[in-house]
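# Topology and contacts: notes
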Amino acid sequence: MTAERTDRRPTPGTRAGPITLTCLGASTEPPFDAVTSAAVVAVTSEGLLVAADLPRGLDIPGGHVQQHEKTIEQTVRREAWEEVRVRLGKLTLVEVIASDYFGADDVTYMVIYTAPVTRLAPWEAGHESAGRVILPPEEFLQRYHGGDPALMRHLVSSALTVPGTPSGHPSIPAP
């Protein structure tokens with residue numbers, strides 16, 4: 001049995017009007033209290049990505065910051081474990097994305113990391129995802145049907161250029 005978790009800042013399922021996402025780069029340090037979610041491009045030693053099989057399709061592991069969490073890194077590690085049952089090595093910041101989801105006067109942030117997979121635990125079905133899929137980066141990008149495929153391509157490509165990232169597949173060709 002898992003303890004009930006509460007998102008630090010819940011997001012309603014829908015919002016009227018468009019949402020603007022702005023990539024700020026890895027040198028940006030957003031205030032922790034304004035970070036709503038975090039995700040990770042998890043890379044195996046062979047250069048393969050570990051993706052979560054979610055109701056919306058394949059995605060990188062990630063989710064909302066919980067009330068009890070004190071750092072973005074805690075969120076990333078928890079989500080990676082819950083969604084794909086991996087332990088991660090050193091986290092490296094890849095991208096900070098500003099969002100006006102809550103309005104132009106209430107900017108929040110999504111933070112994306114990359115990390116090597118240090119442990120691939122046996123799969124255990126849970127409420128977070130239907131499974132995990134381990135595949136080459138380009139295949140992941142071809143199968144990704146989330147909100148913004150161009151943004152995901154940018155995140156994966158940026159993650160694979162981080163020094164120390166396993167380089168079984170060092171570059172992603174442009175679409």
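Each remark here, short or long, concerns the structure printed above.
Residues numbered from 1 in each chain as written. Predicted model: local features only at pLDDT ≥ 70, side-chain atom pairs only at ≥ 80, totals over all residues. Heavy atoms only, no water.

## Points about the packing of aromatic side chains
Here the structure, examined in full by the defined rule, presents two aromatic pairs. Measuring from ring centre to ring centre gives 5.2 Å for Tyr-101 and Phe-102, while their planes differ by 75°; the resulting arrangement is edge-to-face. Geometrically, the ring pair formed by Phe-140 and Tyr-144 is tilted, given 5.9 Å between the ring centres and 40° between the ring planes. The buried category is assigned to Phe-140, whose relative accessible area is 0%. (Phe/Tyr/Trp six-rings, centres within 6.5 Å; stacked < 30°, edge-to-face > 60°. Buried < 20%, exposed > 50% of the residue type's maximum accessible area, 1.4 Å probe, protein only.)

## Regarding the nonpolar core
In this structure, Val-40, Ile-72, Val-76, Val-86, Leu-88, Leu-91 and Tyr-113 are the most contacted members of the largest nonpolar core, which totals 23 residues. If you list the elements that add at least two residues to this core, you get strand 2 (35–43), strand 3 (49–54), helix 1 (72–84), strand 6 (86–88), strand 7 (92–99) and strand 8 (108–120). The dominant element in this core, judged by the number of residues it contributes, is strand 8, at five residues. Setting aside chain neighbours within four positions, we find Leu-91 in contact with Val-40, Glu-73, Val-76, Arg-77, Tyr-113, Thr-114 and Ala-115. Counting residues in hydrophobic clusters, the runner-up holds 22 residues, among them Ile-112, Leu-151, Met-152 and Ala-159. (Core = buried A, V, L, I, M, F, W, Y, C linked by side-chain atoms within 4.5 Å. Helix = DSSP H or I, 4+ residues; strand = E, 2+ residues; numbered from the N terminus. Contact = heavy atoms within 4.5 Å.)

All quantities given are derived from atomic positions and should not be read as evidence of function.
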